[in-house]
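Analysis of the macromolecular model
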Amino acid sequence: MTTKASTTRKRSRTRVAAKTEVNGKKTPVLQIQNLSIEKVIPDPMQPRKTFNETLLQQLSESIKKHGVLQPITVRKSGKEYIIVMGERRYRASKLAGKKTIPCIERTYKNNEVFEVQIIENLQRQDVEPTEEAEAIAYLSEKYAPTEIAKRLGRTDNFIRQRLKLAGLIEGFKHFVRNGEMTISLGVGVALFTPEEQQMMLETMGEDFNAHQINRMIDNQTYDLEKVSFDVADKKLIPKVGSCVECPLNAANQGNLFGEGKMVCTKSACFETKKNKSFLNLIKESKKNNILLIPEIRKYWADEDSNQLIISQLEKNGLKVYLLDDVEIIEKPIEPNLELIKEEYRNYDYTEEEQKVELNEAVDTYKEEFEKYNSAEENGFVKGIAFHPKSYIHKEVFVKVIEKSKNSSVTHSAPLTNRKMADCTPEEQIVKVNEREIRKKQIENNKQFEEVVSMIRETKYIDTKKALSVDEMVAFSLSLFENNVDYMSQQKYFSEFLGDTSKMTRIEIVQNFKNNFKKENFHKLIRYMLTKQVHLGESNHVNNLTNISFYNAMQGHYKSKIVGIEEVYAEKRNKREERLKERITALEKKVTELNE
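This report concerns the structure included in the present document. Numbering of residues starts from 1 in each chain and follows the order in which that chain's sequence is written. Whole-chain, interface and lining totals are the exception, using all residues; otherwise, since this is a predicted model, local features are given only for residues with pLDDT of at least 70 and side-chain atom pairs are given and counted only at 80 or more. Calculated side-chain values reflect all of the structure's heavy atoms, with hydrogen atoms and water omitted.

**Considerations on a nonpolar patch on the surface**
Patches in this entry comprise residues that are over 30% relatively accessible and not in a salt bridge; like charges within 9 Å are linked, as are nonpolar side chains (Val, Leu, Ile, Met, Phe, Trp, Tyr) within 5 Å. Computed with a 1.4 Å probe, the accessible areas rest on the Shrake-Rupley method; for each residue, only the protein chains presented here act as cover. Salt bridges are counted wherever a side-chain nitrogen of Lys or Arg sits within 4 Å of a carboxyl oxygen of Asp or Glu. A cluster of nonpolar residues, Val451, Met454, Ile455, Tyr460 and Ile461, forms a patch on the protein surface that exposes about 470 Å² of accessible area. Three labels apply to residues, based on accessible area from a 1.4 Å probe with only protein chains included: buried if under 20% of the type maximum, exposed if over 50%, partly exposed otherwise in between. Given the relative accessible area of 31%, Met454 is considered partly exposed.

**Quick word on the packing of aromatic side chains**
Centres within 6.5 Å are what make two rings of Phe, Tyr or Trp a pair, Trp counting through its six-membered ring; a difference in plane orientation under 30 degrees is then read as stacked, over 60 as edge-to-face, and the rest as tilted. Under the defined criterion, the tally for this structure stands at 18 aromatic pairs. Among the aromatic residues, ring-to-ring pairing joins Phe480, Tyr492, Phe493, Phe496, Phe512, Phe516 and Tyr527 into one connected group. Against the face of Phe158 rests Arg154, its NZ or CZ located 4.4 Å from the ring centre. Seen from the ring of Tyr391, Lys274 lies directly overhead, with NZ or CZ sitting 5.2 Å from the centre. Charge-over-ring placement is defined geometrically: NZ (Lys) or CZ (Arg) within 6 Å of the ring centre, and within 35 degrees of the ring normal.

**A closer look at the side chain of Asn249**
Take Asn249: it is sitting in the loop between strand E7 (222-223) and strand E8 (263-264). On the basis of relative accessible area, Asn249 is assigned to the buried category, the value being 2%. Pairs of N or O atoms within 3.5 Å make up the polar contacts considered here, provided that, within protein, one atom can donate a hydrogen while the other can accept it, and that residues adjacent in sequence are counted only when both atoms are side-chain atoms. Side-chain polar atoms of Asn249 contact the backbone nitrogen of Val263, separated by 3.3 Å. Contacts are residue-level and defined by heavy atoms, with any inter-residue pair within 4.5 Å sufficient. In contact with Asn249, not counting residues within four places along its chain, are Leu224, Cys243, Val244, Lys261, Met262 and Val263. We count a stretch as a helix when DSSP gives it H or I for four or more residues in a row; a strand needs E for two or more, and each element gets its number in order from the N terminus.

**Focus: the sheet that holds strand E12 (residues 393-400)**
Taken in spatial order, the four strands of this open sheet run E9-E11-E12-E10, and their pairing is mixed. Each edge of the open sheet carries a strand with a single partner, namely strand E9 (291-294) and strand E10 (326-329). Along the sheet, successive strands turn relative to each other by an average axial angle of 45 degrees, direction set aside. Here the rule is simple: two strands pair whenever DSSP picks up at least two bridges between them. Inspection of the sheet shows strand E11 (residues 381-386) paired to E12 by six bridges, in the antiparallel sense. Of the residues in E12, the one forming a bridge with Lys382 is Phe397. In this description, a line fitted to the C-alpha atoms serves as the axis of each element, helices being fitted only across the stretch in contact, and the angle between N-to-C directions of two axes falls anywhere from 0 to 180 degrees.

**Some thoughts on the pattern of salt bridges**
Pairing is possible between side chains of opposite charge, provided their charged atoms come close. This structure, assessed with the given rule, holds 19 salt bridges. For Lys261, the salt bridge goes to Asp223, with nearest N and O atoms at 3.0 Å. Residue Lys261 is located in the loop between E7 and E8, and its partner Asp223 is located in strand E7; the two are separated by 38 residues in the primary sequence. Given the relative accessible area of 24%, Lys261 is considered partly exposed. Using a relative accessible area of 23% as the deciding quantity, one classes Asp223 as partly exposed. Between Lys394 and Glu330 there is a salt bridge, with the nearest N and O atoms lying 3.3 Å from each other. With a gap of 64 residues between them, Lys394 in strand E12 and Glu330 in the loop between E10 and helix H14 (337-343) connect regions that are remote in the sequence.

**Observations concerning helix H8 (residues 170-177)**
Every buried residue belonging to H8 is among Phe172, Lys173, Phe175 and Val176, and all of these are buried. Relative to the axis of H8, the buried residues are bounded by an arc of 155 degrees and lie together on one face. Contacts from the buried residues of H8 go to helix H5 (129-139), helix H7 (156-165), helix H9 (183-189), helix H10 (194-204) and helix H11 (210-220). Trailing H8 by a residue or two, Gly179 shows a phi angle of about 85 degrees, which is positive. By construction, the arc corresponds to the directions joining the helix axis to the C-beta atoms.

Take a look at the structure:
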């Protein structure tokens, strides 16, 4: 035993030659030698620049206990050895206070060292994404993306995404490195030129704002699955060809927005194709004498963008009819169970209730389809309705609404249905004010939607603080408005909001906050507890909601619950006794048959 241990220690200070049999002869395949750690130095050209300090410390502790289990790879350079692979193990060994480190010495030609280092680093799990992207970009100068994917054991899509990430400017790479910016968002920004990225960076300001960047990307990218033209058409704009084959289509850059998702990243080209498709639509309408209906209501006809559409149609000699001027029949969509499930996804409908909704939808579909088939018999003609912004269009049946000869001079029609020119100055003031009120409503809708979208992208949900009074007020009113039906409001919460007859909505919220009591909050929670339980096939032993509710009620009505339990226990015991007797009788018959 002593001799063996002594030999092992001696061997650790010298070279160890591992041999393998090749054609019956033993041939050395690698040599491990313990080199002085002072003679080993990191490669200044090493592509990996960042190391996780926590993981490095953990590896150091492991090396203190067990040593370096896998030798590092080095190359000779004068009197020193430069690390090719294993700088992390080298750093951890120094932290552990090791004097020597096991090494394998190899020789490399030309740029082989850098390539080996890149591939070795990329095959690890903890590579910093921007360094990984830059390394893959280096390899792409020599290898195709598919070849790189094979070498690294990655998907083609992963390699293409990292190649795109390599195009991110340094200002954004900083946010990826410190974890503020996700890789997917970084790839989205990298779709744009360095100049455009710099503009986005300056627009955002010093603090990173994911919501703002997402909005910028949305404003400059276009979903090619929702367009007015054929994305496979090579002749629409011959110089640029089809969108399907375009290199600026995100689907051709590594499925950056999801598998097969086609997104245009060149706004100028997209707008050109969209406008050309609209001119083609006008041309087709004139050629076939088909009514072309912009989906614009008279109420919004004075909007600048809508006026532009109307003037284009008039310049091309088309009679302009708005939605208020015509009746339109669209081809109905045949309903199915999947569509019903999607439509009522926010409702807790059973399969039976979904089938009832489907049957009603099918009946409605049959009526609409019959109306669609008989449209021409009822005076409708073929037409095309199009969206005034996207120009997405659909074939429809159209009938112009007949107006009386005096309609232009009579004011008997409601004010909202009359053109501005047909109104008196006093009425025009009313219409202008009404439009402004509506515009403010739309602005407020968009503003609120944007704030909610921004909040959802933050870490608000993970906030550790206790709920503030404002948050409890918001939750209470949300529960009250969305979950308490009218009858329950009258029965349990008649004084909940107080006298609101002379208050605005904002004043109601402020008044509720001023008089907020936790008792009301608790009352709402208890109401919800009684309403959110699941009946039918769910009970107090097979459903989490029901189990927790059942346990909670024990603290309030234990004696009554025990009384109910005893009734069911008695029934159960009697049934089990009868079952036991029946099984005993059946077992007796089985025995008799076997004999």
